[in-house]
Amino acid sequence: MLHYLPCLRSYPMAAAFAGGIFLIDTMTSLHFAVASLYVIVILIAAHDLHRRAIVITGVACALLTVLSYLLMHGLEEDGAAPLRFAVSLVSILIATILVLRNVSANLRIKEVERERANLARFFSPKIIDQIVDIQTPFSVARRQPAAVLFADMVGFTAYSSGKPPDLVIGMLRSLLQLLSEAVFSNDGSVDKYLGDGLMAFFGPPLTSRRDATNAALCALEIVNAIEHRNQRRIRCKEDAVRIAVGIHYGEVVQGDIGSKKRLELTLVGDTVNIASRVEAYCRILDAPMLVTGEFVEALVAEGSSNLVKVFIDEGFHILRGCREPIRLFSVKGESKPSGDG
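K.L.:
Outline the overall build of the chain, listing residues and values.
P.N.:
A count of helical and extended segments in the chain gives eleven helices and eight strands. Buried positions account for 42% of the 341 residues belonging to the chain. The contacts in the chain between residues at least 6 apart in sequence include a share of 67% that link residues at least 24 apart. When the accessible surface of the chain is totalled, it reaches about 19100 Å², and 60% of it is carbon and sulfur.

The structure is reproduced here in structure tokens:
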């Protein structure tokens, strides 16, 4: 019922104008197209009503014009009256069409704004601007190389135990905001939030020559930001927060998954699974960040030699769910992000 309240606000005014125009057109013999003033009624209707109501208003104005003409002139020609009658009908028709097009354009703009607001949760502003111009819809699955990053808080269950819910939620919001800002500031995209962490990717839907570099800079920014935040927490006698970041580079499949009522744009494939396993392995090696040999090779291919020097070779390891051993590289201590080649 509340959905129709805006319509009720404009209805009395539109009806009053329509009634006044009908009386003037019917009871006076002014030699101009009085009925063309019904355009005002249509404009009033456009202020609040929906497209269907605008069409009904236009039809009603046209019918009032016909009724007024029949009452005044009947079926006989009366000088220029038929011309004025035709001009009025054309004015009403044109006004209705233009108002409908304007309403449709406004609705489309609002829809685009909603889409951009929704995309802003997962993509950086720079990527959103490029996505809007893409002709191929996201529903079309595609294979692309990508750097996949998982970041997760270590020991969240122990940290949250015994703490008030509002304090835990506040901490999570602060953590996820830090992670998201690091992703977006390095041209990455958030695939999904995972409670006390997230999955991000660098590349799809628009690959670049810096996808691995951007992922490395993002990870280093996260690790350093957590380290700085922990220094403040320790000074305030609060518990430090541990973070685990894992990255792998390889081919992924991107597309919509889910039901008709709820679809999500996501990445799937071995690259995603390995990146998740690498993040989990940070706890085994007691490292805040681990990346794979394939990721380091991607950095070399992109010319980011300074970034490659930041990583320490940890050798080959068998990760859960992986048949072949995977070469891992870690970052010890605070590292200065640098993407120069």
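K.L.:
Outline helix α3 (residues 51-73), supporting the account with residue identities and numerical values.
P.N.:
Over its 23 residues, α3 extends 33 Å from the first C-alpha to the last, a length consistent with the 33 Å expected when each residue adds 1.5 Å. Backbone geometry just downstream of α3 places G74 in the positive-phi region, at approximately 65°.

K.L.:
Can you tell me about the pattern of salt bridges, naming the residues and giving the values?
P.N.:
All told, the structure shown has six salt bridges when counted by the stated rule. Note that D286 and R242 form a salt bridge whose closest N and O atoms lie 3.2 Å from each other. In this pair, D286 sits in the loop between α9 (270-285) and β6 (289-292) while R242 sits in strand β4 (residues 242-258), placing the two residues 44 residues apart along the sequence. The exposure class assigned to R242 is partly exposed, which follows from its relative accessible area of 45%. A salt bridge links R327 to D313; its shortest N-O distance comes to 2.4 Å.

K.L.:
Can you break down the packing of helix α8 (residues 211-235) against helix α10 (residues 293-301) residue by residue, with the values?
P.N.:
For the pair α8 and α10, interaxial distance at closest approach is 8 Å and the crossing angle is 115°. Seen along the crossing, α8 lies across α10 with a hand that is left-handed. Only F295, A298 and L299 of α10 make contact with α8, whose side of the interface consists of A212, T213, A215 and A216. In the contact of α8 with α10, the residues fall into six nonpolar, one polar and no charged.

K.L.:
Tell me what's going on with unusual backbone geometry, and back it up with residues and numbers.
P.N.:
The backbone of D187 shows a phi angle near 60°, a positive value even though the residue is not glycine. When you line up the elements, D187 lands in the loop between α7 (165-185) and β2 (189-193). Overall, the relative accessible area of 27% leaves D187 in the partly exposed class. In this model, D286 sits at a positive phi of 50°, which is unusual for a non-glycine residue. Here D286 falls in the exposed class, since its relative accessible area comes to 54%.

K.L.:
Please set out the nonpolar core residue by residue, giving values where relevant.
P.N.:
As a rule of thumb, soluble globular proteins bury nonpolar side chains together. In this structure, L149, V245, M289 and F295 are the most contacted members of the largest nonpolar core, which totals 45 residues. Elements represented by at least two residues in this core include exactly β1 (142-154), α6 (156-160), α7, β3 (197-202), α8, β4, β6 and α10. Each residue touching V245, except ones within four places of it in the same chain, is listed here: L149, F150, A151, A219, I222, V223, E279, C282, P288, M289 and L290.

K.L.:
How would you explain the packing of α7 against α8 if you had to name every residue and give the values?
P.N.:
Look at α7 against α8: their axes get within 9 Å of each other, and the N-to-C directions meet at 145°. Pair α7 / α8 crosses with right-handed handedness. Between α7 and α8, the contacting residues are S174, L175, L178, L179, A182, V183 and S185 on the first element and C218, E221, I222, A225, I226 and R229 on the second. Across the contact of α7 with α8, the residue classes break down as nine nonpolar, two polar and two charged.

K.L.:
Can you tell me about the pairing of strand β8 (residues 326-330), naming the residues and giving the values?
P.N.:
Taken residue by residue, a regular strand's side chains alternate between the two faces of the sheet. For β8, the tally of buried residues reaches four of five residues, placing the bulk of the element in the interior. As paired strands, β6 and β8 are joined by three bridges and run antiparallel to one another. Counterpart to L290 in the pairing with β8 is S330. Two elements, strand β7 (residues 312-317) and β8, share four bridges in a ladder whose sense is antiparallel. Residue pairing across strands places F316 opposite R327, the latter belonging to β8.

What counts, and where the lines are drawn
- Residues numbered from 1 in each chain as written.
- Predicted model: local features only at pLDDT ≥ 70, side-chain atom pairs only at ≥ 80, totals over all residues.
- Heavy atoms only, no water.
- Helix = DSSP H or I, 4+ residues; strand = E, 2+ residues; numbered from the N terminus.
- Buried < 20%, exposed > 50% of the residue type's maximum accessible area, 1.4 Å probe, protein only.
- Contact = heavy atoms within 4.5 Å.
- Areas by Shrake-Rupley, 256 points an atom, 1.4 Å probe, with all protein chains shown as cover.
- Expected span 1.5 Å × (residues − 1).
- Salt bridge = Lys/Arg side-chain N within 4 Å of Asp/Glu carboxyl O.
- Axes fitted to C-alpha atoms, helices over the stretch in contact; angles between N-to-C directions.
- Left-handed = near helix turned anticlockwise from the far one by under 90°.
- Nonpolar A, V, L, I, M, F, W, Y, C, P; charged D, E, K, R; others polar.
- Core = buried A, V, L, I, M, F, W, Y, C linked by side-chain atoms within 4.5 Å.
- Pairing = 2+ DSSP bridges.

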